[in-house]
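Structural characterization, general
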Amino acid sequence: MADLMEPTKPMNAYWLWLGENRESLTKEAGSGKGSAVGKLAGQKWNVLSEAAKKPYGKKAEALKKEYEQKMADFVAAGGVKGKRRAEKAEAKAAKGGSKKARKEARAASGQPKKPPTGYWLYLKENREAIEKAAGSKKPTLVASLAGKKWKAMSDAQKKPFEDKAAMAKVEYQKAMEEGKKNG
């Protein structure tokens, strides 16, 4: 007997509408980026009249009923609801768990941390001034402004930071080689 496949959840009315209109929305947004298309789609969906939304709502309802019937058949045939999701979560946990757990494991292994780049050294040294200029301590705003300032800097202005980064990289490589020798 073949393995039972749990039916996938159906799309709601918005996703059905988006599927039919994605091409025109992509052209209108001027980009294929999901965030740009999604934002425009959300705005258009919100101003769409109830009459225009109704056919998508009916189609979504029909798909939901079909899904519920398939799920009932799946469970009746011996399938376990939610098993696929649980297996996926187990696989992810077995792979290494959370990002924080992997970071802690790497630190506990004694491996040296990767050295910062010239940009990160610049940011560390100039964070307070950049926070004042940005008018906020939000990391996204600070990093954005710092990136713009870094790009606007001349090579001569960047050189001290890049030299420090190059020295740190050499030290890192030496530590990695020593770590490999010591096993």
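Structural notes, computed from the coordinates. As the structure is a computational prediction, the values presented were derived from the model and not from experiment. Residues take numbers from 1 onward in each chain, read along the sequence in its written order. The predicted origin of the model limits local features to residues at a pLDDT of at least 70 and limits the giving and counting of side-chain atom pairs to 80 or more, whereas totals for whole chains, interfaces and linings rest on all residues. The basis for every side-chain value is the complete set of non-hydrogen atoms in the structure, without hydrogens or water.

**What to know about the layout of surface pockets**
Considering only enclosed or pocket space, the largest pocket measures out at about 340 Å³ in volume. Secondary structure elements follow DSSP: runs of H or I no shorter than four residues count as helices, runs of E no shorter than two count as strands, and numbering proceeds from the N terminus. If you list the elements that add at least two residues to the lining of the largest pocket, you get helix H5 (99-108) and helix H8 (155-182). No other element matches H5, which puts 4 residues into the lining of the largest pocket. Partitioned by chemical class, the residues of the lining of the largest pocket number 4 nonpolar, 1 polar and 5 charged. The rule is simple: put a 1 Å grid over the protein atoms alone, call a set of points where a 1.4 Å probe fits but cannot get out a cavity, call an open set with protein on both sides within 12 Å along at least five of seven lines a pocket, and count a residue as lining if it has an atom within 4 Å of a point. Grid points are joined across faces, edges and corners, and a volume is the space filled by probe spheres set on the points. Its volume calculated, the second largest pocket comes out at about 230 Å³. Residues are grouped as follows: Ala, Val, Leu, Ile, Met, Phe, Trp, Tyr, Cys and Pro are nonpolar; Asp, Glu, Lys and Arg are charged; every other residue, Gly included, is polar.

**Considering the packing of aromatic side chains**
In this description, a pair of aromatic rings is defined by centroid distance and the angle of the planes. Two rings from Phe, Tyr or Trp (for Trp, the six-membered ring) form a pair when their centres are within 6.5 Å of each other. A pair whose planes differ by under 30 degrees is stacked, one over 60 is edge-to-face, and the rest are tilted. Scanning the model with the defined rule gives 9 aromatic pairs in all. Ring centres of Tyr119 and Trp120 lie 5.2 Å apart, and the angle between their planes is 70°; this geometry places the pair in the edge-to-face category. We call a residue buried when its accessible area falls under 20% of the maximum for its residue type, exposed when it is over 50%, and partly exposed in between, using a 1.4 Å probe and counting protein chains only. Note on Trp120: relative accessible area 48%, which makes it partly exposed. Seen from their ring centres, Tyr119 and Trp150 are 6.1 Å apart, and the 75° between their planes marks the pair as edge-to-face. In this pair, Tyr119 sits in helix H6 (residues 118-134) while Trp150 sits in helix H7 (residues 139-152), placing the two residues 31 residues apart along the sequence. An identical accessibility class is assigned to Tyr119 and Trp150; each is buried. Each member of the aromatic cluster is reached from another via a ring pair, and the members are Tyr119, Trp120, Tyr122, Trp150 and Phe161.

All quantities given are derived from atomic positions and should not be read as evidence of function.
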